[in-house]
Amino acid sequence: MSLLIKNGTVVNADRSFVADVLCADGKIVALEPGLSAGGVEIVIDARGKLVMPGGIDPHTHMQLPFMGTVASEDFYSGTAAALAGGTTMIIDFVIPGPGERLLDAYHKWRQWAEKSCCDYSFHVAITWWDESVYDDMGTLVRDWGVNSFKHFMAYKGAIMADDGVLTQSFPRALELGALPTVHAENGELVDYLQKLLRKKGIAGPEGHPQSRPPKVEGEAAQRVIHIAAILGVPLYLVHNSAIESVDAIAAARRQGQRVFGECLTQHLLIDESVYYDKDWNRAAAHVMSPPFRPRPHQEALWDALAGGVLQTTATDHCCFCGEQKAMGREDFAKIPNGTAGVEDRMAVLWHHGVNMGRMTANDFVALTSSNAARIFNLYPRKGVVQMGADADLVVWDPALLRTIRAETQHQRVDFNVFEGMEVTGGPSHTISRGHLVYADGKVLVAAGAGSYVNRPAFPPYMEAQRRQNEQYPLRFVPRPAVAGSERRG
Ligand code: URQ
Ligand code: ZN
Ligand code: ZN
C-alpha cells in the first residue's frame with residue numbers, strides 16, 4: 001500500500017516545513033516537496049492543510065470492568081473514535097484485581113484489545129504486592145514490551161495502592177527501566193469524606209466534588225513526588241486537575257526532579273458547576289475522578305501546559321451510559337467514574353489552545369503526540385513526521401467547522417461532555433501505518449487493523465536517572481552545594 005500526501009505543511013513539535021509525505025509498507029519513505037504521484041495507490045491533496053504526527057492518547061480505559069459494571073466503549077469502537085479524532089495510538093491500562101496475577105490480567109486485556117483498529121499499548125497497574133508481582137513486572141518488561149506501571153492512590157477497598165505498595169513497586173520499576181505512573185488522590189480522605197457527606201444526607205452528584213476537593217489531590221501529588229525523590233525514580237502523574245498538583249510538580253521540576261505531568265482536555269474546559277445541574281443524569285454523566293474544578297484551576301492547567309510544567313494531554317476515556325451511571329442514583333459514591341473524550345481531544349485542544357493563541361501548532365503536536373512518545377519511549381518511531389517513522393499521520397484542516405454532539409459522535413456512549421461546543425479545526429484524513437483509515441467523516445478501517453506496540457525499557461531519561469542515583473549513594477538528589485548558596489532541603 002502506497003500513499004502520498006501532497007502540498008501540505010508538515011508540523012512537528014520542533015518546526016514546520018512544506019513537504020510531500022510518501023508512505024509505503026507502513027513507514028514514511030520520502031519527505032520532500034514535489035514528490036511524483038506516479039504509481040502511488042492513494043494521493044491526498046493537503047493544500048491549505050497541515051500534516052502532523054497522529055495523536056497519541058496515553059490514558060484510555062476501553063471496556064474497563066469498574067465499579068460493578070463495564071465501560072460501554074470497547075477496543076474496536078473506542079479506537080475507531082480515536083482515529084476519527086486524529087489519534088492513531090492509545091495507551092490503555094491493564095488493571096489486575098487485588099490478588100490477580102499481573103500476567104493473567106495482561107493476557108486477558110491483550111485478548112480484549114485484538115479488535116482495536118489503531119495501534120495500542122498498555123500500562124500495567126500495581127494494585128497489590130507480593131513476590132509474584134515483583135516477578136511478573138520483570139516478565140512484562142523483558143518479554144511483553146511494558147515500560148510503565150500505574151498506581152492508583154485512590155479507590156480504597158478496590159484498586160488502591162498504599163504507600164507500602166508504592167515503596168515496593170517504584171524501586172522495582174526503576175531497576176527494570178520502567179516508569180511509575182500515578183493517579184494521585186488520597187483514597188483514605190475520599191473514603192472519609194464520602195461517608196461524612198452521606199451522613200449529612202448528601203447523596204447526589206454534588207457530593208462527588210465535595211468528597212474529592214483539590215487538596216485531596218494536592219496532598220497525594222506532593223506525597224508521591226517526595227516518595228519518588230527519596231527513592232530516586234522518575235514519576236508521571238496522570239490527569240492533574242488542580243492548582244495544588246501543578247504547583248507541586250512545578251516545584252519538583254524546578255529542583256531538577258524528573259516528574260512528568262498529564263492533563264485531560266476535559267479538565268481544561270469543564271468546571272464543577274456541572275455537578276449542580278438540576279438534571280440528575282446530566283450531573284452524573286460528568287462524574288469522573290479527579291472531579292471537574294472551579295475555573296481558576298483550569299487557568300492554572302492552561303498555564304502549566306504553556307509553561308512546560310505539564311507535558312501531555314490525554315482523555316482518560318472511560319465511558320458509562322446513563323443506565324450505568326444510574327447505579328449511583330441513591331449514593332453518588334456508586335456512580336461509575338469516567339467520561340469520554342478520545343474523539344474530541346485534538347479538535348478541542350486545537351480550538352481552545354491554538355486558535356486562542358495559548359499555544360503554537362508545534363506546541364500542539366508536542367502536547368498531543370511527541371511528548372508522550374518520548375516519555376513512553378516510542379520516539380521517533382511515533383510522534384514525529386520523519387523518514388523511517390511509522391506512517392501515523394493526521395491531515396489537519398484548520399478551517400474545518402464542527403459542533404460536537406453525542407448524536408453524531410463515533411464514541412459508544414450516550415453523552416458528550418463537550419455537547420454543543422463549536423470547534424474550528426479537525427482531521428480531514430487520518431492515516432494509520434500508511435493506510436487511509438478516516439476520510440471526510442467516515443472510519444474506513446476494520447476491527448483488528450491495529451497492532452500492539454512494544455515499548456522498550458530504559459528511555460534516555462531513565463539511564464540518566466540511574467547515573468544520577470549512583471552519584472548520590474543516599475539516593476537523595478540534593479542540588480550540588482554552590483559556594484554562598486543556602487543548601488536546599
Ligand atoms: O481513575 C481512572 O483513571 C479510571 C478508573 C477512570 N475513571 C475516572 O474517573 N478517571
Ligand atoms: Zn485515574
Ligand atoms: Zn484513568
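We now turn to the structure provided with this report.

Calculation rules
- In this convention, every chain numbers its residues from 1, walking through the sequence in written order.
- Whichever chain is written first becomes A and whichever ligand is written first becomes 1, with later ones labelled in order.
- pLDDT decides what is reported in this predicted model: residues at 70 or higher carry local features, side-chain atom pairs at 80 or more are listed and counted, and totals for whole chains, interfaces and linings draw on all residues regardless.
- Hydrogens and waters are ignored; side-chain quantities use all the structure's heavy atoms.
- Coordinating N, O and S atoms are those within 2.8 Å of the metal (3.2 Å for Na, K and Ca), and as water is not part of the atoms, a site may appear to have fewer donors than expected.
- Working rule for geometry: tetrahedral if four donors all subtend angles between 85 and 135 degrees; square planar for four, octahedral for six, if opposite donors exceed 155 degrees and the others stay between 65 and 115; irregular in every other situation.
- Only protein chains enter the area calculation, which uses a 1.4 Å probe; residues under 20% of their type maximum are buried, those over 50% are exposed, and those in between are partly exposed.
- Numbering goes from the N terminus for both helices and strands, where a helix is a DSSP run of H or I of at least four residues and a strand is a run of E of at least two.
- Helix span, expected: 1.5 Å multiplied by one less than the number of residues in the helix.
- Working note: the arc is built from the helix axis to C-beta atom directions.
- Throughout, a residue-residue contact means that at least one pair of heavy atoms, one from each residue, lies within 4.5 Å.
- Each salt bridge in this description consists of a side-chain nitrogen of Lys or Arg and a carboxyl oxygen of Asp or Glu lying within 4 Å of one another.
- Here, any two strands with at least 2 DSSP bridges between them count as paired.

**Remarks on the coordination of the zinc ion (ligand 3)**
- Within the protein, His 59 (NE2), His 61 (NE2) and Asp 316 (OD) serve as the donor atoms for the zinc ion (ligand 3), at 2.0 to 2.3 Å.
- Around the zinc ion (ligand 3) sit four donor atoms; with metal-centred angles ranging over 86 to 131 degrees, the donor geometry is tetrahedral.
- Read in sequence order, the donor residues coordinating the zinc ion (ligand 3) give the pattern H-x1-H-x254-D.
- Distance-wise, the zinc ion (ligand 2) is placed 3.6 Å from the zinc ion (ligand 3). Comparing His 59 with His 61 shows no difference in burial state: the two are buried.

**With respect to helix 2 (residues 102-113)**
- If you check helix 2, its first and last C-alpha atoms are 16 Å apart, about what 12 residues at 1.5 Å a residue would give, namely 16 Å.
- Every buried residue belonging to helix 2 is among Leu 102, Leu 103, Ala 105, Tyr 106, Trp 109 and Ala 113, and all of these are buried. Within helix 2, the buried residues cover an arc of 160 degrees as seen down the axis, which keeps them to one side.
- Lining the buried residues of helix 2 we find strand 9 (65-66), helix 1 (75-84), strand 11 (87-94), strand 12 (119-125) and helix 3 (131-144).

**Quick word on the pattern of salt bridges**
- Enumeration over the complete set of coordinates arrives at 28 salt bridges.
- Among the ionic pairs, Glu 217 bridges to Arg 293, the shortest N-O distance being 3.0 Å. In this pair, Glu 217 is assigned in helix 7 (residues 214-231) and Arg 293 in the loop between helix 10 (280-285) and helix 11 (295-306), connecting sequence segments 76 residues apart.
- The partner of Arg 223 in a salt bridge is Glu 219, with the nearest N and O atoms 2.7 Å apart. Pair noted here: Arg 223 and Glu 219 are both in helix 7, with a separation of four residues, about one helical turn.
- Classification of Glu 219 as partly exposed rests on a relative accessible area of 30%.
- Within this structure, Lys 27, Asp 119, Arg 381, Lys 382, Asp 390, Asp 392 and Arg 433 form a network of salt bridges that share partners.

**Topic: the pairing of strand 19 (residues 422-432)**
- In terms of residue burial, strand 19 counts as a mostly covered element, since nine of its 11 residues are buried.
- As paired strands, strand 18 (residues 393-403) and strand 19 are joined by eight bridges and run antiparallel to one another. Within strand 19, the residue paired with Val 395 across the bridge is His 429.
- Pairing analysis gives four bridges linking strand 19 to strand 20 (residues 435-439), with the strands arranged antiparallel. Paired with Ser 432 across the strands is His 435, a residue of strand 20.

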